[in-house]
Each structure stands twice: as C-alpha cells, then as structure tokens.
Amino acid sequence: MRKISLFIATSLDGYIAKPNDDLTFLKLVEKAGEDYGYGEFTDTIDTLIIGRRTYDYVLKNVGLSHYDNGQRDVYVITRTERPQVGRTTFYTGNLTELVKRLKSEKGKNIYCDGGAEVINELLKHDLIDEFIISIVPILLGNGTRLFKDSRPEQTLEFIKVKTFETGLTQLHYKRQK
C-alpha cells in the first residue's frame, strides 16, 4: 500500500505561514544549490495533495510546473469546483475517501504539502504515514499553525534528523501503527 508523507517547513514556534498566508520567512534559509532533500523526496512520489490557498501561493510565486510537471497527479483540495488543468484536479469531495482510494491504488507514494486545514483533516483520520518537517530558525509569534488542537494523539517513531549550514533542522518521523 502507498504511504502519504508530509514534507513541510515550519518556524521554530510551529507556524507554516505568517498572517495573510505570507511565506517570506522561508527565504531566511534559501541557499543556492540546496533543496533540503526535496528533489530526492519528490522522486519517491507520483501524487500530490495540496490545499487551495497553498496551491494559489505557489502558482503565483513559483509557477504551475512546481507541482504539475506532467509526471504526477495533483489534487487541489478546494470548496469551489474548477475544471481540471493538465494533471491537476480541483477536488471538492471527501478528503478521507480520496486519500483512502489513492493509498489503495498502485503507484509511488503520495505527498501532502499542506496547508494546515488539509494536514489536520488527515491527522484526524490517522492518514499521514511519514512526517518530514523542516524547522526554520525563526520565531514568528503568530500566523497559521502547523498542528491544530482537538485531534487524536499519535505516537511517532524517530527515523533521523539532519542539520544544515543555514540553521535549518529537518526532522523525519514515521507513524507508529
């Protein structure tokens, strides 16, 4: 069965965005030639699940090909129906049903890139198998929290930790079953 992995960056105090979906704090750890394992990670996936606000931000600031490179299926979780674009589907149905269906199909692994609403819905149903969380050395004070309250407790198994010259620390855990 395929697994779903969260690969995301957060501030030290647990925010994945500043107010107004501002991700500029990520520039603090930008370094030429350093992708923090993102390329290696995306070689292991062929499906991506992402929230609409995160998708819109990346589309505007990076470009469509960042997600839909013609090699993977992209599901943008949204409340507003939109026509499919390339291999990008704007999904308005039940997220849990989608993930369970995708996990049961053949293929590479599935990548969840946020946002917080999508992540926390998956956590409520114990559907995230692997957590790769990059900690950016900044305290934001407010914004969008990575993990929300009122979700079930989940025990994780430590895989590894990596540190980088920029001060970024990357934690890798898997869900204990």
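In this report, we go over the structure that sits alongside the text. Model, not experiment: these values are computed from the prediction.

Rules of the game
Residues numbered from 1 in each chain as written. Predicted model: local features only at pLDDT ≥ 70, side-chain atom pairs only at ≥ 80, totals over all residues. Heavy atoms only, no water. Core = buried A, V, L, I, M, F, W, Y, C linked by side-chain atoms within 4.5 Å. Buried < 20%, exposed > 50% of the residue type's maximum accessible area, 1.4 Å probe, protein only. Helix = DSSP H or I, 4+ residues; strand = E, 2+ residues; numbered from the N terminus. Contact = heavy atoms within 4.5 Å. Pairing = 2+ DSSP bridges. Axes fitted to C-alpha atoms, helices over the stretch in contact; angles between N-to-C directions. Patch = residues over 30% accessible without salt bridge, like charges linked within 9 Å, V, L, I, M, F, W, Y side chains within 5 Å. Areas by Shrake-Rupley, 256 points an atom, 1.4 Å probe, with all protein chains shown as cover. Salt bridge = Lys/Arg side-chain N within 4 Å of Asp/Glu carboxyl O. Lys, Arg positive; Asp, Glu negative; His and termini not counted. Charge placed at Lys NZ, Arg CZ, Asp CG, Glu CD.

A few points about the nonpolar core
Then, number 1: Counting residues in each nonpolar core, the largest one holds 25 residues, and the members touching the most others are Ile49, Leu95, Ile119 and Leu122.
Then, number 2: Going through the elements one at a time, strand E1 (4-11), strand E4 (73-77), helix H3 (95-104), strand E6 (109-112), helix H4 (116-124) and strand E7 (130-136) are the ones with two or more residues in this core.
Then, number 3: For this core, the element with the highest residue contribution is H4, accounting for five residues.
Then, number 4: Setting aside residues no more than four positions away along its own chain, Ile49 makes contact with Ile4, Tyr75, Ile77, Leu95, Val99, Leu102, Ile110, Tyr111, Cys112, Asp113, Gly114 and Val118.

Points about the sheet that holds strand E10 (residues 169-175)
Then, number 1: Read from one edge to the other, the open sheet built from eight strands follows the order E5-E4-E3-E6-E1-E7-E10-E9, with strand pairing classed as mixed. The sheet terminates laterally at strand E5 (88-91) and strand E9 (156-163), the two strands that pair on one side only. Going from strand to strand, the sheet's axes swing by 20° on average, the running direction of each strand aside.
Then, number 2: The sheet contacts of H3 involve E1, strand E3 (45-51), E4, E5 and E6, and relative to E4 the element is tilted by about 165°.

Some words on a negative patch on the surface
Then, number 1: Side chains of Glu34, Asp35, Glu40 and Asp43 sit close together on the surface and give a patch of like negative charge.
Then, number 2: Note that Glu40 resides in helix H1 (residues 38-42).
Then, number 3: Given a relative accessible area of 59%, Glu40 falls into the exposed group.

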